[in-house]
Amino acid sequence: TAEQSLYIQLGFICSSLFNASYIVMYFGRLNQSGSNPYETNRTARRNINHPYFNISNPDNDIALVQLSSSVSFSDYIKPVCLAATGSVFGGGTESWVTGWGKLQPDGEVPDILQEVMIPIVNNSACANAYGGVNISITSNMICAGLLNQGGKGACQGDSGGPMISKSSSLWIQSGIVSFGQRCADPTFPTVFARVSPYQDWIKNNTGSNPPGFVKFNSTSNSNFGSVPNLLLFPLSLTFSLIPFSLFLTS
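Here's what I pulled together on the structure shown here. Since this is a predicted model, take the numbers as computed values, not measurements. Residue numbers run consecutively from 1 along every chain, following the written order of its sequence. For this predicted model, a pLDDT threshold of at least 70 governs which residues receive local features, and a threshold of 80 or more governs which side-chain atom pairs are given and counted, while totals over whole chains, interfaces and linings are taken from all residues. Side-chain numbers come from the whole structure's heavy atoms, not from hydrogens or water.

1. Considering the overall build of the protein chain
Helix and strand labels come from DSSP, where a helix needs a run of H or I of at least four residues and a strand needs a run of E of at least two; each type is numbered from the N terminus. For the protein chain, the count of helices and strands is three helices and 16 strands. Relative accessibility decides the category of a residue: with a 1.4 Å probe and only protein chains considered, values under 20% of the type maximum give buried, values over 50% give exposed, and everything between is partly exposed. Within the span of the protein chain, comprising 250 residues, buried residues form 54% of the whole. The contact rule is simple, with two residues in contact once any of their heavy atoms fall within 4.5 Å. Here the analysis covers contacts within the protein chain between residues at least 6 apart in sequence; of these, 74% occur between residues at least 24 apart. Areas reported as accessible are Shrake-Rupley estimates using a 1.4 Å probe. Residue values count occlusion only from the protein chains shown. When the accessible surface of the protein chain is totalled, it reaches about 11,100 Å², and 48% of it is carbon and sulfur.

2. Considering the state of the cysteines
What counts as a disulfide here is a pair of cysteine sulfur atoms lying within 2.5 Å. One pass over the structure, following the stated rule, counts two disulfides. The disulfide bridge from Cys-155 ends at Cys-183, spanning 1.9 Å between sulfur atoms. Disulfide Cys-155 to Cys-183: torsion about the S-S bond roughly 80 degrees, handedness right-handed. With Cys-155 in the loop between strand 11 (141-144) and strand 12 (162-167) and Cys-183 in the loop between strand 13 (170-179) and strand 14 (190-194), this residue pair connects regions lying 28 residues apart in the sequence. By relative accessible area, which is 2% here, Cys-155 ends up buried. Indicated for the protein chain is the disulfide connectivity 1-2, 3-4, based on numbering the bonded cysteines in sequence order.

3. A word on the pairing of strand 14
Of all five residues that make up strand 14, five are buried, and the element is covered over most of its length. Here strand 11 pairs with strand 14 via four bridges, running antiparallel. The residue bridging Ile-142 from the neighbouring strand is Phe-192, located in strand 14. Where strand 13 and strand 14 come together, four bridges link them in antiparallel fashion. Counted as the bridge partner of Val-177 is Phe-192 from strand 14. Two strands form a pair only when DSSP identifies at least two bridges running between them.

4. Regarding the pairing of strand 11
Covered by surrounding structure in strand 11 are Met-141 and Cys-143 together with Ile-142 and Ala-144, the residues of both alternating faces. Strand direction decides the pairing type here: strand 10 (residues 114-121) and strand 11, joined by two bridges, are antiparallel. Residue Ile-120 lies in a different strand from strand 11, and its bridge partner there is Ala-144.

5. Overview of the nonpolar core
By nonpolar core we mean a set of buried residues, namely Ala, Val, Leu, Ile, Met, Phe, Trp, Tyr and Cys, connected to one another through side-chain atoms within 4.5 Å. Core analysis: the biggest nonpolar cluster contains 15 residues, and Phe-89, Val-97, Met-163 and Phe-192 have the highest contact counts within it. Elements represented by at least two residues in this core include exactly strand 7 (81-83), strand 10, strand 11 and strand 13. Broken down by element, this core gets its largest block of residues, three residues, from strand 10. Leave out the neighbours within four places in its chain, and Phe-192 touches Val-97, Ile-118, Asn-140, Met-141, Ile-142, Cys-143, Ala-144, Met-163, Gly-175, Ile-176, Val-177 and Ser-178. Counting twelve residues, the second largest nonpolar core, distinct from the first, contains Ile-48, Ile-176, Val-195 and Tyr-198.

6. What about the pattern of salt bridges?
By definition here, a salt bridge exists when the distance from a side-chain nitrogen of Lys or Arg to a carboxyl oxygen of Asp or Glu is within 4 Å. Inspection of the entire model under this criterion finds two salt bridges. Of the charged contacts in the structure, one is a salt bridge between Arg-29 and Glu-39, with a shortest N-O distance of 2.7 Å. Within this pair, whereas Arg-29 is found in the loop between strand 3 (24-27) and strand 4 (40-49), its partner Glu-39 is found in the loop between strand 3 and strand 4, the two being separated by ten residues in sequence. Between Asp-185 and Arg-182 there is a salt bridge, with the nearest N and O atoms lying 2.9 Å from each other. Taking relative accessible area as the criterion, Asp-185 reaches 14% and is therefore assigned buried. With a relative accessible area of 32%, Arg-182 lands in the partly exposed category.

7. Overview of helix 2 (residues 123-131)
Taken residue by residue, helix 2 has Cys-126, Ala-129 and Tyr-130 as its buried positions. All buried residues of helix 2 lie within an arc of 85 degrees about the axis, which places them on one face of the element. Each element contacted by the buried residues of helix 2 is listed here: strand 10, strand 11, strand 13 and strand 14. Here the arc refers to the directions that run from the helix axis out to each C-beta atom.

8. Digging into the packing of aromatic side chains
For Phe, Tyr and Trp, where Trp contributes only its six-membered ring, two rings pair if their centres lie within 6.5 Å, and the inter-plane angle classes them as stacked under 30 degrees, edge-to-face over 60, or tilted in between. Across all of its chains, the model carries five aromatic pairs by this definition. For the pair Tyr-38 and Tyr-76, a centre-to-centre distance of 3.6 Å together with 10 degrees between the ring planes defines the contact as stacked. With a gap of 38 residues between them, Tyr-38 in the loop between strand 3 and strand 4 and Tyr-76 in the loop between strand 6 (71-72) and strand 7 connect regions that are remote in the sequence. Residue classification places Tyr-76 among the partly exposed positions, given a relative accessible area of 23%. Each member of the aromatic cluster is reached from another via a ring pair, and the members are Tyr-130, Phe-179 and Phe-188.

So, in structure tokens, the structure goes:
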């Protein structure tokens, strides 16, 4: 079936850097070069930036992009559910992040789409971590990473991409890559825009065909024992240019 009015979530700055006419979104892409036989792409009709985005913190780091035309779903291009208002992603909840961001802070951008599982870090622990650099972790944010261990997380070039968790047979998007102090640092988790507080805002801006919202509830460590297949996983968008990095430097 074809989705008649499809919107893509991404971070505010990733959207605001480009006029809609310059944005190209790719679906079903696995490699940045070479053959992607199941790929299709669309240009953007318009950007919808959140009116209360605060660049100094940054809070409300979310935007919507409306596609110029519909996309047909397939075995390689599928939608992902959005976390509904009131969803709970407790500390330790298994969460998957995908993107073409750097594998090392000073490394190269990979050619093949990457995936990594990192657990949710509760907001109080995340706020403690960022208190020393004077960044406030708000209720509109959700954090994930390996505290005191590091080595896994989002990095430069992953901004605007999705963080998802599985509930039964559904993949549910909890967050959008927003910022971090250093890539996969053991002290600083990655910070994401939390999707669930924006259910009403998203519905109000997507007209008569809003996306599907599912309430997620996990108050403790989850072990779904499932790995998203890179070919079947609902791929996030990528720009025709490498997405702008929101990661702070030490």
